[in-house]
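Descriptive analysis of the structure
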Amino acid sequence: MRATVLLIPCVFLSLFHVSSAAADAPSTTALQALDRQASALNRVHALVVAHDGEIIHEYHQGGPGVASPANIKSLSKTVLAAITGAAIEAGILESAEQPMVELFGDHMPSGTDPRVNEITVAHLLALQAGLERTSGSNYSAWVASANWVNDALTRPFVDEPGGQMLYSTGTSHLLSAALTHASGETTHALAQRLLGDPLNITILPWLRDPQGIYFGGNDMQLSPRALIEVGELYRNDGIVFDEAGNGERILPEGWVEESWQPRGTSRWTGDGYGYGWFITQLAGEDTYYGRGYGGQAMFVIPEREMTVVITSDPNPPSPGGQFQQQLNRLVVGLLAEDGEL
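Throughout what follows, the structure given in this document is the object of discussion. (Residues numbered from 1 in each chain as written. Predicted model: local features only at pLDDT ≥ 70, side-chain atom pairs only at ≥ 80, totals over all residues. Heavy atoms only, no water.)

**Structural notes on the pattern of salt bridges**
Close approach of charged atoms allows side chains with opposite charge to pair. Definition in use: For this analysis, a salt bridge means a side-chain nitrogen from Lys or Arg found within 4 Å of a carboxyl oxygen belonging to Asp or Glu. Numbering of helices and strands runs from the N terminus; a helix is a DSSP stretch of H or I covering at least four residues, while a strand is a stretch of E covering at least two. Three exposure classes are used, based on accessible area relative to the maximum for each residue type with a 1.4 Å probe and protein chains only: buried under 20%, partly exposed in between, and exposed over 50%.
Within the structure shown, the criterion is met by 10 salt bridges. Across the pair Lys73 and Asp219 runs a salt bridge whose closest N-O atoms are separated by 3.3 Å. Highlighted residues: Lys73 in the loop between β4 (70-71) and α2 (76-89) and Asp219 in the loop between α8 (187-199) and β5 (221-222), separated in sequence by 146 residues. Side by side, Lys73 and Asp219 carry an identical accessibility label, which is buried. Salt-bridge contacts for Arg193 lead to Glu185; the nearest nitrogen and oxygen are separated by 2.7 Å. Exposure remark for Arg193: the relative accessible area of 41% places this residue in the partly exposed category. Judged by its relative accessible area of 23%, Glu185 falls in the partly exposed class. Within this structure, Asp113, Arg115 and Glu160 form a network of salt bridges that share partners.

Written out as structure tokens, the structure reads:
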């Protein structure tokens, strides 16, 4: 089934803040070109565009629809960063500079390297723990281990905490464990209470490790429309607005600015990386994005007042970084006046 929607009734827009001085919306020509270009990418399932707080375009050509939960793979890291910010705003965590070991308490395994004591929440968010990666060639052995948290924590240090960005889902999983131990709630319960409820979205339970810790940084299930809400939360500086324009702060003041500061660099793309967000420029515009295996992506372009979400077939084999570049080009075309690359 393939469907295109240009305008969405306001029932879907109740959480979006409408500013008084919006940047120009993408033209009809640009949106039509977007559909043509997306249709040539068979792996793409759905695409949603929001401008100035309103969903203005939806496209669906396979897989779950725009309102149905989809496996967002490592785009979960971006959502986990939002949950962490909301936990700081709620007083569950003190700040991003809080040491991880304080949050783990008695749950720390014995025999860890003393440098584990130097790892902070910020290091986990920015993938700067310094521990050997569990992603890539190490991933299968890690998820087959009896205790994912202990396995990640007892890996050798390959850099100092706060050093280079080391893309590792094990590092994000340590963040999920820290949230669980600090709050006494599961990461899923926190996600729904602190993020889902204020945004009026449903976050379904997802995969847990052998000890019951929800997978940190992978396999979350959110619909493209729900992801639009998350992106809009960041575009609105961590505040959610009701229909009357009243705002409620969900993320700490200054959290979005901190999240969008590059703290490391992706060795594959050269893009900066902050708290769960990659940082780049597309069509000359500062762009912040999260990405997941197989073509899951969420882009926020603040100066154009736009949020774009793309979901794709998450099943192996992955099309790799080249496919991400194709998704980037979809956004570049959308930002162009005529929509053509």
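Now that the structure has been shown, the text picks up again.
**Topic: the packing of aromatic side chains**
Rules: Within 6.5 Å between ring centres, the rings of Phe, Tyr and Trp (the latter by its six-membered ring) count as paired, and their orientation is classed by plane angle as stacked under 30 degrees, edge-to-face over 60, tilted in between.
This structure, assessed with the given rule, holds 13 aromatic pairs. Relative to Tyr214, the ring of Trp206 lies with its centre 4.8 Å away and its plane at 55°, an arrangement referred to as tilted. For the pair shown, Trp206 and Tyr214 are each scored as buried. What links up through ring pairs into an aromatic cluster is the set Tyr139, Trp142, Trp148 and Phe215.

**Description of the packing of α2 against helix α7 (residues 169-183)**
The following threshold applies: Think of each axis as a best-fit line through the C-alpha atoms, taken over the contacting stretch in the case of a helix, with angles from 0 to 180 degrees between the N-to-C directions. Roughly parallel means an angle under 35 degrees; roughly antiparallel, over 145; roughly perpendicular, 65 to 115; everything else is oblique. Crossing handedness is defined as follows: a turn of the near helix away from the far one that is anticlockwise and smaller than a right angle gives a left-handed crossing, while the clockwise case is right-handed. By definition in these notes, contact holds between two residues if any of their heavy atoms fall within 4.5 Å.
It is the contact of α2 with α7, at a shortest axis distance of 11 Å, that shows an interaxial angle of 30°. Accordingly, the angle class assigned to the pair α2 and α7 is roughly parallel. Judged by the twist between their axes, the crossing of α2 over α7 is left-handed. When α2 is examined against α7, the residues Lys77, Leu80, Ile83, Thr84 and Ala87 are found in contact with a partner set consisting of Thr169, Ser172, Leu175, Ser176 and Leu179.

**Considering the packing of helix α1 (residues 28-39) against helix α11 (residues 321-335)**
A packed helix pair is summarised by two numbers, namely the angle formed by the two axes and the spacing between the axes. Where we set the bar: Here the nonpolar group is Ala, Val, Leu, Ile, Met, Phe, Trp, Tyr, Cys and Pro; Asp, Glu, Lys and Arg are the charged ones; every other residue, Gly included, is treated as polar.
Axis separation between α1 and α11 bottoms out at 8 Å; the angle between their running directions is 160°. Taken together, α1 and α11 sit at an angle that is classed as roughly antiparallel. Crossing of α1 against α11: the hand is right-handed. Contact residues: α1 offers Ala30, Leu31, Leu34, Gln37 and Ala38, while α11 offers Leu330, Gly333 and Leu334. Considering only residue class, the contact of α1 with α11 consists of 6 nonpolar, 2 polar and no charged.

**Some thoughts on the environment of Ser110**
You can see Ser110 is positioned in the loop between α3 (100-104) and α4 (121-125). What makes Ser110 exposed here is its relative accessible area of 71%. Once the C-alpha coordinates of Ser110 and Leu207 are considered, the two residues, 97 residues apart in sequence, prove to be 26 Å apart.

**A short note on the nonpolar core**
Cut-off, in case you're wondering: Nonpolar cores are built from buried Ala, Val, Leu, Ile, Met, Phe, Trp, Tyr and Cys residues. Side-chain atoms within 4.5 Å join them into one set.
Within the largest apolar cluster, 73 residues are counted, with the highest numbers of intra-cluster contacts made by Ile83, Phe104, Leu174 and Tyr234. If you tally residues by element for this core, the top one is α2, at 8 residues. Of all hydrophobic cores here, the second largest spans 28 residues; its members include Ala38, Val49, Ile56 and Ala297.

This is a description of form; function is not addressed.
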